[in-house]
Amino acid sequence: MSLLGNFKKLVAGSALSQLLTLLSLPIISYLYGPSALGYLGSFMAIVSIIGMVSSMRLERELFRLSDKSEQSNIINVATVVAVTTAAFISLFFYIAISLKYIDISLAEVILLYLTAVSVSLAQVFSVYLSSRGNFVRVAKSSVLRSFVLVAGQISFFFLFEQKIALILSAVFSSTSALFYLLKGIDYRINFKQTKQFV
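Residues numbered from 1 in each chain as written. Predicted model: local features only at pLDDT ≥ 70, side-chain atom pairs only at ≥ 80, totals over all residues. Heavy atoms only, no water.

> Is there a simple way to think about the overall build of the chain in this case?
Within the chain, the regular secondary structure consists of 7 helices and 0 strands. Along the chain, from the amino end to the carboxyl end, the secondary structure elements read α-α-α-α-α-α-α. Taken over the C-alpha trace, the chain has a radius of gyration of 18 Å; the compact-globule value for 198 residues is 16 Å, and the two agree within 12%. Across its three principal axes, the chain shows a C-alpha extent of roughly 50 × 45 × 20 Å. Put simply, 80% of the contacts in the chain that link residues at least 6 apart link residues at least 24 apart. For the chain, the accessible area works out to roughly 11,100 Å², and carbon and sulfur atoms hold 69% of it. Averaged over its 16 positive side-chain charges, the chain has a centre that lies 8 Å from the centre of its 8 negative ones. (Helix = DSSP H or I, 4+ residues; strand = E, 2+ residues; numbered from the N terminus. Rg over C-alpha atoms; globule rule 2.2 N^0.38 Å. Contact = heavy atoms within 4.5 Å. Areas by Shrake-Rupley, 256 points an atom, 1.4 Å probe, with all protein chains shown as cover. Lys, Arg positive; Asp, Glu negative; His and termini not counted. Charge placed at Lys NZ, Arg CZ, Asp CG, Glu CD.)

> How do you make sense of a nonpolar patch on the surface when you look at a structure like this?
A contiguous nonpolar patch, built from Phe88, Leu91, Tyr94, Ile95, Leu99, Tyr101, Leu106, Ile110 and Leu114 and spanning about 940 Å² of accessible area, is present on the exposed surface. When residues of the nonpolar patch are traced back to their parent elements, those giving at least two are α3 (68-98) and α4 (106-131). It is α3 that contributes the most residues to the nonpolar patch, 4 residues altogether. By secondary structure assignment, the location of Ile110 is in helix α4. (Patch = residues over 30% accessible without salt bridge, like charges linked within 9 Å, V, L, I, M, F, W, Y side chains within 5 Å. Salt bridge = Lys/Arg side-chain N within 4 Å of Asp/Glu carboxyl O.)

> Before we go on, may I ask you to explain the packing of helix α2 (residues 34-54) against α4 in this structure?
Packed helices, taken two at a time, are described by the angle between their axes plus the distance between the axes. Where α2 contacts α4, the axes come no closer than 8 Å and their chain directions differ by 50°. Relative to α4, α2 is oriented oblique. Of the two possible hands of crossing, α2 and α4 adopt the one that is right-handed. On the side of α2, the interface is formed by Tyr39, Phe43, Ile46, Val47, Ile50, Gly51 and Ser54, while α4 contributes Glu108, Leu111, Leu112, Thr115, Ala116, Val119 and Ser120. (Axes fitted to C-alpha atoms, helices over the stretch in contact; angles between N-to-C directions. Parallel < 35°, antiparallel > 145°, perpendicular 65-115°, else oblique. Left-handed = near helix turned anticlockwise from the far one by under 90°.)

> What's the story with helix α5 (residues 135-156) in this structure? I'm lost.
Side chains three or four residues apart in an α-helix point the same way, a direct result of the helix having 3.6 residues per turn. Taking 1.5 Å per residue, 22 residues should reach 32 Å; α5 reaches 31 Å between its end C-alpha atoms and fits that length. Among the residues making up α5, those that are buried are Phe135, Arg137, Val138, Ala139, Ser141, Ser146, Leu149, Val150, Gly152, Gln153 and Phe156. (Expected span 1.5 Å × (residues − 1). Buried < 20%, exposed > 50% of the residue type's maximum accessible area, 1.4 Å probe, protein only.)

> Looking at this model, I keep getting lost on the nonpolar core. Mind explaining?
Generally speaking, a soluble globular protein has its nonpolar side chains buried in company with each other. With 37 residues, the main nonpolar core has Tyr32 and Phe125 as its most contacted residues. Mapped by element, the contributors of at least two residues to this core are α1 (3-31), α2, α3, α4, α5 and α6 (162-182). In terms of residue count, α4 provides more of this core than any other element does, 11 residues in total. Residues contacting Tyr32, with those up to four places away along its chain left out, are Leu37, Gln153, Phe156, Phe157, Gln162, Ala165 and Leu166. (Core = buried A, V, L, I, M, F, W, Y, C linked by side-chain atoms within 4.5 Å.)

> Can you walk me through the environment of Ser54 in this structure?
Turning to its location among the elements, Ser54 is positioned in helix α2. With a relative accessible area of 0%, Ser54 lands in the buried category. Along the sequence, Ser54 and Val81 sit 27 residues apart, while their C-alpha atoms lie 6.7 Å from each other. Leave out the neighbours within four places in its chain, and Ser54 touches Val81, Ala82, Thr85, Ala86 and Ser120.

> What should I look at first to understand the packing of α3 against α4 in this one?
Contact geometry for α3 and α4: axes closest at 9 Å, N-to-C directions at 160°. On the basis of their axis angle, the class for α3 and α4 is roughly antiparallel. Crossing of α3 over α4 shows right-handed handedness. In this structure, α3 contributes Gln71, Ile75, Ala78, Thr79, Ala82, Val83, Ala86, Ala87, Ser90, Phe93, Tyr94 and Ile97 to the contact, and α4 contributes Leu106, Val109, Leu112, Tyr113, Val117, Ser120, Leu121, Val124, Phe125, Tyr128 and Ser131. Residues belonging to the contact of α3 with α4 are distributed by class as follows: 18 nonpolar, 5 polar and no charged. (Nonpolar A, V, L, I, M, F, W, Y, C, P; charged D, E, K, R; others polar.)

By themselves, these observations are geometric and do not establish any function.
See the structure below:
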């Protein structure tokens with residue numbers, strides 16, 4: 001497959017996921033009030049920042065490496081770093097809650113952590129699959145994430161308080177995309193290998 005063909009697959013998946021989200025906006029804005037949508041925007045902004053920095057971009061090295069053992073080492077380190085960094089940032093939020101600097105619940109911090117970790121790990125495994133030439137799976141995971149997000153936002157509206165419904169839909173969408181990316185990958189974290197790499 002050519003570089004242009006792979007690029008087309010990624011763009012098509014991204015465009016389809018964006019289109020799905022765009023088409024759902026009238027329904028979502030009808031169901032949810034401005035304060036709940038603003039809260040979701042703030043939540044997702046924090047998740048995006050944590051998700052992008054928590055792996056420290058170690059996965060970018062995967063494009064340079066061709067040896068499967070070296071790639072496995074990078075994935076191990078990136079996974080451990082992503083989970084640990086997101087935990088420390090979430091701990092920071094918990095301390096800020098305890099000191100009454102911010103007004104969110106502990107449950108929201110836990111959901112923030114889960115969403116940030118799944119976003120970060122989805123990024124790591126998207127880069128891994130892209131480095132192996134599996135662009136179709138990466139594109140499909142993007143579409144799946146958008147579909148689960150929209151379906152969750154609509155269905156959870158009837159089950160939960162508005163802010164929690166929106167956050168839960170974000171959690172489910174990011175974790176479903178992560179599990180889809182992991183499906184078919186023979187991957188296990190090897191801490192012994194990770195210590196040798198570091």
